Amino acid sequence: MPRIALVTDSTCDLPVELLEQYDIHVVPLSVIFGADIYLDGVTLKADQFFEMLRVSSNHPSTSQPAPGDFAQVYDKLVGKYDHIISIHLSSGLSGTYQSALLAQEMYPEADIRVVDTKSASIGLGLVVLLAARAIQDGKSPEQIVRLAERASQAQRIMLSVESLEWLHKNGRIGRASAFLGNLLNVKPILHVDEGVVAP
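These numbers were taken from a predicted model, which means no experiment stands behind them. (Residues numbered from 1 in each chain as written. Predicted model: local features only at pLDDT ≥ 70, side-chain atom pairs only at ≥ 80, totals over all residues. Heavy atoms only, no water.)

### Thoughts on the overall build of the protein chain
Broken down by element type, the protein chain carries eight helices and ten strands. Out of the 199 residues belonging to the protein chain, those deemed buried represent 41%. Within the protein chain, contacts between residues separated by at least 24 positions form 68% of all contacts whose residues are at least 6 apart in sequence. (Helix = DSSP H or I, 4+ residues; strand = E, 2+ residues; numbered from the N terminus. Buried < 20%, exposed > 50% of the residue type's maximum accessible area, 1.4 Å probe, protein only. Contact = heavy atoms within 4.5 Å.)

Below, the structure is given as structure tokens:
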């Protein structure tokens with residue numbers, strides 16, 4: 001049976017228990033609050049993030065991993081595994097997928113396959129989990145990539161926000177729209193369409 005390593009990024013939002021159970025390797029994105037930079041899921045956990053979001057005067061931003069961050073992970077896996085499957089956040093939302101592709105080019109002799117899920121958060125997590133179970137079931141790298149791509153195309157992700165203030169702070173809507181929407185208790189429904197968030 002081929003030895004297949006599975007890599008993803010920290011936006012997959014899978015619990016640590018599942019990441020450990022399936023030996024999933026995670027490359028963290030950076031979360032930036034003002035002058036402070038944290039590694040998602042490493043130096044900043046979800047509960048800490050939401051607490052800082054409520055109390056910090058700085059609105060957070062994120063930064064994709066550099067190709068070198070992926071190369072560090074790939075470097076540890078090449079030689080131990082016959083194949084590496086790297087499944088990531090939508091290229092329409094982040095440059096994370098592009099960084100993984102650039103890192104892939106650093107290892108021309110290795111079989112590294114990079115998948116753009118055109119999804120985020122638990123949508124990405126579900127695709128990663130399907131791939132992890134397929135690895136355990138002894139599927140080939142080709143079968144696993146096809147499964148991940150089909151699952152990515154088939155899923156429909158819908159979401160809402162607790163407050164329009166978050167959409168205002170990240171520049172999606174103006175201050176007046178946020179104020180009026182909150183006053184009327186409007187909860188917009190968003191969805192991921194072709195890899196980008198749309199109303």
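That covers the picture; the talk isn't over yet.
### Regarding the side chain of serine 152
Considering the arrangement of structural elements, one finds serine 152 in helix α6 (residues 141–154). Residue classification places serine 152 among the buried residues on the basis of a relative accessible area of 10%. Among the polar contacts listed, one links the side chain of serine 152 to the backbone oxygen of alanine 148, at a separation of 2.7 Å. (Polar contact = N/O pair within 3.5 Å; in protein donor to acceptor, adjacent residues only side chain to side chain.)

### Section: helix α5 (residues 121–136)
Relative to the 22 Å expected for 16 residues at 1.5 Å per residue, α5 spans 23 Å between its end C-alpha atoms, a close match to the ideal helical length. Every buried residue of α5 is accounted for by Gly123, Leu124, Gly125, Val127, Val128, Leu129, Ala131, Ala132, Ala134 and Ile135. Elements that come into contact with the buried residues of α5 comprise β1 (4–9), α1 (16–21), β2 (24–27), β6 (83–88) and α6. Looking one or two places after α5, you find glycine 138, whose phi comes out positive at around 85°. (Expected span 1.5 Å × (residues − 1).)

### With respect to the sheet that holds β6
Overall, parallel pairing links the four strands, which are arranged β2-β1-β6-β7 in an open sheet. Among the strands making up the open sheet, the edge pair consists of β2 and β7 (112–116). If you compare each strand with its neighbour and ignore which way they point, the axes differ by 25° on average. In this structure, β1 lies alongside β2, joined through four bridges in parallel fashion. Within β2, the residue paired with threonine 8 across the bridge is valine 26. (Pairing = 2+ DSSP bridges. Axes fitted to C-alpha atoms, helices over the stretch in contact; angles between N-to-C directions.)

### A look at the nonpolar core
Judged by nonpolar contacts, the single largest core of 25 residues is most densely connected at Leu6, Ile24, Ile85, Ile87, Val128 and Ile144. For leucine 6, the residues in contact, after removing those within four places along its chain, are Asp23, Ile24, His25, Ile85, Ile87, Val128, Ala131, Ala132 and Ile135. Counting 15 residues, the second-largest nonpolar core is a separate cluster that includes Ala5, Tyr74, Ala103 and Tyr107. (Core = buried A, V, L, I, M, F, W, Y, C linked by side-chain atoms within 4.5 Å.)

### Remarks on the pairing of strand β3 (residues 30–33)
For a regular strand, the rule is simple: side chains alternate between the two faces of the sheet. Relative to strand β4 (residues 36–39), β3 runs antiparallel, the two being bridged by four bridges. Bridge pairing in β4 links phenylalanine 33 to aspartate 36. Connecting the antiparallel pair β3 and β4 is a turn made up of two residues, with glycine 34 showing a positive phi of about 60°. As defined by bridge partners, β3 adjoins strand β5 (residues 61–63) across three bridges and the pair is classed as antiparallel. Bridge pairing in β5 places valine 31 opposite threonine 62.

### Remarks on the packing of aromatic side chains
The final tally for this structure, using the stated rule, is four aromatic pairs. Residues phenylalanine 70 and tyrosine 74 carry aromatic rings whose centres are separated by 6.1 Å and whose planes lie at 40° to one another, so their mutual orientation is tilted. Taken together, the positions of phenylalanine 70 and tyrosine 74, both in helix α3 (residues 67–77) and four residues apart, correspond to about one turn of that helix. Between tyrosine 74 and tyrosine 107 the ring centres are 6.5 Å apart and the planes differ by 80°, which places this aromatic pair in the edge-to-face class. Note that tyrosine 74 is positioned in helix α3 and tyrosine 107 in the loop between α4 (96–105) and β7, a separation of 33 residues in sequence. (Phe/Tyr/Trp six-rings, centres within 6.5 Å; stacked < 30°, edge-to-face > 60°.)

### Thoughts on unusual backbone geometry
In this model, aspartate 13 sits at a positive phi of 55°, which is unusual for a non-glycine residue. Mapped onto the secondary structure, aspartate 13 falls in the loop between β1 and α1. In this structure, lysine 118 is a non-glycine residue whose phi angle is positive, near 55°. Counting through the fold element by element, lysine 118 comes out in the loop between β7 and α5.

### Some words on the packing of α5 against α6
Interaxial distance between α5 and α6 falls to 9 Å at its minimum, and their mutual angle equals 155°. Here α6 runs roughly antiparallel to α5, going by the angle between their axes. As α5 runs across α6, the sense of the crossing is right-handed. Facing Val127, Leu130, Ala131, Ala134 and Ile135 of α5, the residues of α6 in contact are Ile144, Leu147, Ala148, Ala151 and Ser152. Its residues assigned to classes, the contact of α5 with α6 comprises nine nonpolar, one polar and no charged. (Parallel < 35°, antiparallel > 145°, perpendicular 65-115°, else oblique. Left-handed = near helix turned anticlockwise from the far one by under 90°. Nonpolar A, V, L, I, M, F, W, Y, C, P; charged D, E, K, R; others polar.)

These results come straight from atomic positions and should not be treated as a statement about function.
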